[in-house]
Amino acid sequence: MMKTLATTLCTTLLIGAATLAATTTQAAEFVAADNSPSTEVCMAVTSNKPITLSATLRDVRMSKKVAINKLHCNNMELGKFAGMYGFHKSAKYLNLDTTGKTSIHDLAKTNDSTILVVAGSK
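In this text the structure is predicted, and so the values were computed from the model without any measurement.

Undergrad: Mind laying out helix α3 (residues 50-59), listing which residues take part and the relevant values?
TA: One turn of the α-helix equals 3.6 residues, which is why residues spaced by three or four share an orientation. When α3 is considered as a whole, its buried residues turn out to be L53, T56 and L57. Angularly, the buried residues of α3 cover 100° about the axis, an arc narrow enough to put them on a single face. Of the residues in α3, the exposed ones pointing more than 90 degrees away from the buried face are I51, R58 and D59. The first or second residue beyond α3 is R61, which carries a positive phi of 55°.

Right, here's the structure in full:
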């Protein structure tokens, strides 16, 4: 009985921590710096929805290969940008590895609706 209670408590804590981590990334609001095609793709990455990213790449006529090799968002390589802000679904769609990269998220800072301006490479 005690082992079951401890397991249930640990599971609840892990789910709570995962939920907190998911909501802190969503607390930040991303705003486009301009309406250039590269910024549009960067904003599509921030949606963290592969279908949105795919449609945007098609609309601006940019291949996944060009996005991966040449696009920078906020002066960061696309993989680093996606990994820093936790856009793992977008990274997975682009076949970018974000697991080897470590970033520190200040939970107190991102918990207040922070507005981040996103700009693509020129």
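There's plenty left to go through after this.
Undergrad: Give me the state of the cysteines: which residues, what numbers.
TA: Going through the model one piece at a time under the given rule, you end up with one disulfide. Through a disulfide, C42 is tied to C73; the S-S separation comes to 2.0 Å. Because the torsion about its S-S bond is -90°, the bridge between C42 and C73 counts as left-handed. On the criterion of sequence distance, the pair formed by C42 in helix α2 (residues 37-47) and C73 in strand β2 (residues 72-73) is long-range, its members being 31 residues apart. C73 matches C42 in its accessibility class, with the two residues each being buried.

Undergrad: Talk me through the packing of aromatic side chains; I want residue IDs and the actual numbers.
TA: In this structure the tally under the stated criterion is five aromatic pairs. A centroid spacing of 5.3 Å and a plane angle of 65° characterise the contact between F81 and Y85, whose relative ring orientation is edge-to-face. Residue F81 and its partner Y85 are located together in helix α5 (residues 78-85), separated by four residues, close to a single helical turn. A relative accessible area of 19% means that Y85 is categorised as buried.

Procedures and definitions
Residues numbered from 1 in each chain as written. Predicted model: local features only at pLDDT ≥ 70, side-chain atom pairs only at ≥ 80, totals over all residues. Heavy atoms only, no water. Buried < 20%, exposed > 50% of the residue type's maximum accessible area, 1.4 Å probe, protein only. Helix = DSSP H or I, 4+ residues; strand = E, 2+ residues; numbered from the N terminus. Arc of directions from axis to C-beta. Disulfide = S-S within 2.5 Å. Phe/Tyr/Trp six-rings, centres within 6.5 Å; stacked < 30°, edge-to-face > 60°.

Nothing here speaks to function; it is geometry throughout.
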